[in-house]
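# A closer look at the structure
Spelled out, the chains give:
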Amino acid sequence: MNLKNLLARENRVIFISICVILMASMIIVIGQSIVQSERQAITTPMSVPSQPMLPAESGVFRLADQSLYYLESVKEQGTRTLSVFYQRRAFNGAPPVIPHEVTDEASFGGNTCLQCHEHGGFVPKFNTYAPVTPHPELISCRQCHVPIHTQNLFKPTGWRTVAPPMINRSAMAGSPPQIPHGLQMRENCLACHGGPGSVKEIRTPHPDRANCRQCHGIVEKNEVWVRPMASENK
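Residues numbered from 1 in each chain as written. Predicted model: local features only at pLDDT ≥ 70, side-chain atom pairs only at ≥ 80, totals over all residues. Heavy atoms only, no water.

### Points about the overall build of the protein chain
Looking only at helices and strands, one finds 5 helices and 2 strands in the protein chain. Along the protein chain, helices and strands appear, N-terminal first, in the series α-α-α-α-β-β-α. Pairs at least 24 apart in sequence give 70% of the contacts found in the protein chain among residues at least 6 apart. On the protein chain, roughly 18,000 Å² of surface is accessible, and the fraction owed to carbon and sulfur atoms is 60%. (Helix = DSSP H or I, 4+ residues; strand = E, 2+ residues; numbered from the N terminus. Contact = heavy atoms within 4.5 Å. Areas by Shrake-Rupley, 256 points an atom, 1.4 Å probe, with all protein chains shown as cover.)

Next up, the structure:
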C-alpha cells in the first residue's frame, strides 16, 4: 500500500468519524428537546380556551386544586338548608340578599366581602359558616346583593315566584343527578356543593372529584328522551 492510498483511507476514516459524531450530537439534541417538551407539558397547567365548547363553563375547575380543603371540611356540619337558600332569593337564580347587618356601606366592594366569602370558614360573630362566592373576581358585590331593610313590599305587585327546579334528577336509579340550572356565574360547583357553608340537601359526598361535568350534565329540556327505533334511523 503506497502513501497515497494510506492517506485516502485515513481521510475516509476521519470523514466517517465526523459523520458519526455529528449524527450522535443531533440525536442527543433532539432527545433533550423532546424530554423538555414533555416535562413542560406535564408541569404547565391546562389553559382554558378563549371560546369554550360549552358557554359559561370556563371556570368550572377554578377551585379544583382546593378540593382537598373541601374534602376535610365536609366533616363539619353547616346550618344552611334549601328552604333558607330560596328564602334569600327573590326568585330562582336571583342574587341572594345580604342576611346580616351592614355597618359601613362605603366599605363594600374590593376585598371587604371576600374576607369571609372567598374561601368560607366559620364566623363567630354570626355563629355560622360563610357561604363561598362562585365568582370572586366580581368585586362590586353591592351591584347585585343588597341588605334587607324591610320585610314588607313598598308597592303591591302581582309577582309570582317560579317554583325552583327539582333536585336529584337522574336518568336512572344510582346514576349522577343532572344540573338543574345554568352555569353562568355558577362555574365553581364547590361554592354551593362543597364544605360546611354549602346547603345540606345538595352537598356533594365527593368534593375531591372536582371534574364535576365529567358525570353531571345540564338539563336542557324537560321532555323525556326516548331512544329511536332502529327502523327510524334508516
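### Examining the side chain of T133
Relative to the helices and strands, T133 resides in the loop between β2 (128–130) and α5 (189–193). Side-chain polar atoms of T133 contact the backbone nitrogen of H135, separated by 3.2 Å. (Polar contact = N/O pair within 3.5 Å; in protein donor to acceptor, adjacent residues only side chain to side chain.)

### Here we look at unusual backbone geometry
A positive phi angle, near 55°, is found at N127, a position not held by glycine. The residue N127 is located in the loop between β1 (121–123) and β2 in this model. In this model, M185 sits at a positive phi of 65°, which is unusual for a non-glycine residue. Looking at the secondary structure, you find M185 in the loop between β2 and α5.

### Focus: a nonpolar patch on the surface
A grouping of I14, I18 and L22 is seen on the molecular surface, where their side chains present a nonpolar patch of about 290 Å² in accessible area. Looking at the secondary structure, you find I14 in helix α1 (residues 3–43). What makes I14 partly exposed here is its relative accessible area of 48%. (Patch = residues over 30% accessible without salt bridge, like charges linked within 9 Å, V, L, I, M, F, W, Y side chains within 5 Å. Salt bridge = Lys/Arg side-chain N within 4 Å of Asp/Glu carboxyl O. Buried < 20%, exposed > 50% of the residue type's maximum accessible area, 1.4 Å probe, protein only.)

### Quick notes on the packing of aromatic side chains
Using the criterion set out here, one finds 2 aromatic pairs in the structure. The interplanar angle of 80° and the centroid separation of 5.3 Å between the aromatic rings of F85 and Y86 together place this pair among those described as edge-to-face. We note R89 situated over the ring of F85; from NZ or CZ to the ring centre the distance is 3.6 Å. (Phe/Tyr/Trp six-rings, centres within 6.5 Å; stacked < 30°, edge-to-face > 60°. Lys NZ or Arg CZ within 6 Å of the ring centre and 35° of its normal.)

### Points about the layout of surface pockets
Empty space within the second largest pocket amounts to approximately 670 Å³. The wall of the second largest pocket is formed by 18 residues, among which A90, V97, T150, N152 and L153 lie closest to the centre. Here the residues of the lining of the second largest pocket sort into 9 nonpolar, 6 polar and 3 charged. (1 Å grid on protein atoms, 1.4 Å probe; cavity = no way out; pocket = protein on both sides within 12 Å on 5 of 7 lines; lining within 4 Å. Points joined across faces, edges and corners; volume = space filled by probe spheres on them. Nonpolar A, V, L, I, M, F, W, Y, C, P; charged D, E, K, R; others polar.)

### Re the environment of A130
Among the structural elements, A130 can be located in strand β2. Assessed through its relative accessible area of 7%, A130 is described here as buried. C-alpha of A130 to C-alpha of R80: the two residues are 50 residues apart in sequence and 9.8 Å apart in space. Residues contacting A130, with those up to four places away along its chain left out, are C116, H117, G120, G121, V123 and G197.

### Describing the environment of T81
In this fold, T81 is placed in the loop between α2 (67–73) and α3 (82–87). The exposure class assigned to T81 is partly exposed, which follows from its relative accessible area of 23%. The sequence separation of T81 and V199 amounts to 118 residues, and the corresponding C-alpha distance is 5.1 Å. Residues in contact with T81, not counting those within four places in the same chain, are V199 and E201. Looking at T81, its side chain comes within polar contact range of the side chain of S83, at 3.1 Å.

### Focus: the confidence of the model for the protein chain
In low-pLDDT segments, the atomic positions of the prediction should not be examined closely. Per-residue confidence for the protein chain gives a mean pLDDT of 75, with 72% of residues at or over 70. Confidence, read as mean pLDDT per element, is least for α2 in the protein chain (61) and greatest for α3 (87). Throughout residues 42–53 the model reports pLDDT below 50, and contacts reaching past four residues in sequence, or to other chains, amount to 2 contacts. (pLDDT = per-residue confidence, 0-100.)

### Section: the pattern of salt bridges
One pass over the full model with this rule turns up 1 salt bridge. As a salt-bridge pair, K125 and E101 come within 3.8 Å of each other at their nearest N and O atoms. One end of the pair, K125, is in the loop between β1 and β2; the other, E101, is in the loop between α3 and α4 (114–117), with 24 residues separating them in the sequence. On the basis of relative accessible area, K125 is assigned to the exposed category, the value being 60%. The partly exposed category is assigned to E101, whose relative accessible area is 47%.

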